[in-house]
Amino acid sequence: MSSPEANKKTGKRLLRKSVEEALLACEDKYRLITENIRDVIWQASVDLTLTYVTSSVKRLLQYEPEELVGKRLTDLLTLESRELVLERYSVVMAQIEEYGGFDSEFSQVEQIRKDGAIVWTEVVTTPFFDASGKLIGFQGVTRDVSERKNAQDALKESEERFFKAFMLSPDAAAISRVDDGVILQINRGFTRTLEYEADEVVGRSASELNIWEDPKQREFIIREMLPSGMVDSVPG
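Residues numbered from 1 in each chain as written. Predicted model: local features only at pLDDT ≥ 70, side-chain atom pairs only at ≥ 80, totals over all residues. Heavy atoms only, no water.

Asker: When you look at the overall build of the protein chain in this model, what are you seeing that I'm missing?
Answerer: Each helix and strand in the protein chain was counted, giving nine helices and seven strands. Among the 236 residues that make up the protein chain, the fraction classed as buried is 26%. Put simply, of all contacts in the protein chain between residues at least 6 apart along the chain, 34% involve residues at least 24 apart. (Helix = DSSP H or I, 4+ residues; strand = E, 2+ residues; numbered from the N terminus. Buried < 20%, exposed > 50% of the residue type's maximum accessible area, 1.4 Å probe, protein only. Contact = heavy atoms within 4.5 Å.)

Asker: I'm lost on helix 4 (residues 79-99) in this one. Help?
Answerer: It helps to recall that an α-helix has 3.6 residues per turn; residues three or four apart then point in one direction. Between its terminal C-alpha atoms helix 4 stretches 30 Å, which fits the 30 Å expected from 21 residues at 1.5 Å a residue. Burial in helix 4 covers these residues: Ser81, Val92 and Ile96. The buried residues of helix 4 all sit within an arc of 40° when viewed along its axis, so they share a single face. Those residues of helix 4 that are exposed and aimed more than 90 degrees away from the buried face are Leu79, Glu80, Glu87, Glu97 and Glu98. Elements in contact with the buried residues of helix 4: strand 3 (105-112), strand 4 (118-129) and strand 5 (135-144). (Expected span 1.5 Å × (residues − 1). Arc of directions from axis to C-beta.)

Asker: What am I meant to see in the sheet that holds strand 3 here?
Answerer: Hydrogen bonds between backbone groups are what pair the strands of a sheet, and the pairing can be parallel or antiparallel. In spatial order, the strands read 2-1-5-4-3; together these five strands make up an open sheet with antiparallel pairing. Bordering the open sheet on either side are strand 2 (50-53) and strand 3, each of which pairs with just one other strand. Across the sheet, the mean angle from the axis of one strand to that of its neighbour is 30°, orientation sign disregarded. Judged from the three bridges that link them, strand 1 (residues 40-44) and strand 2 form a sheet pairing that is antiparallel. (Pairing = 2+ DSSP bridges. Axes fitted to C-alpha atoms, helices over the stretch in contact; angles between N-to-C directions.)

Asker: I keep staring at the pattern of salt bridges and nothing clicks. Help me out?
Answerer: Side-chain pairing between opposite charges can occur once the charged atoms of the two side chains come close. A full pass over the atoms with the stated rule returns ten salt bridges. Close ionic contact of Arg113 with Asp115 constitutes a salt bridge, the shortest N to O distance being 2.5 Å. For Asp115, a relative accessible area of 46% gives the class partly exposed. Notably, a salt bridge pairs Arg148 with Glu122, separated by 1.9 Å at the nearest N-O pair. (Salt bridge = Lys/Arg side-chain N within 4 Å of Asp/Glu carboxyl O.)

Laid out in structure tokens, this is it:
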């Protein structure tokens, strides 16, 4: 029969083993998460020197995590983005000093990959403090938004080209709502041809202005345009 002392030692060993197994399981789960997420999780000291980076940084910037630890965050930014971050950093530090805290900071910056290519990223940065309330560093999440940014830029460029073509067209043209025909914008050709200034027509419908010789033509155009986005010809 085991003595109470032996049973106590056995219980401690089993408890220690159980705790160790639980810690290992937690570490495995943490490693699984950090090694498979696409976003980059990082930590930096108060002066923005990186102290920790997840392995997902290799997918984003082509660096191994250990290549970046010890580097300043700003070393990875383009000149314009670096100036933006340093300006915001000064504001954040001033607010922390004055108010003792600061919520998360959101920014969109250009980062430089190891091969020199530029990557657009969104960064959410949060300060963290020790038990006494002293700022000890920053932690953040960085996400690649290059595809979205490129799509936004392409859309903006397309809209600018359309607006230029619309405004400079010698033909009379107007932008109006589909449902009620209220005019939202006219071009110079409209003013030159129909002798209406913008402030005379914007906010009024085509039927109210009696612009269409045959109002059924507009109905035909809307009916033809909705399925395909274009009209080949309008009956006389």
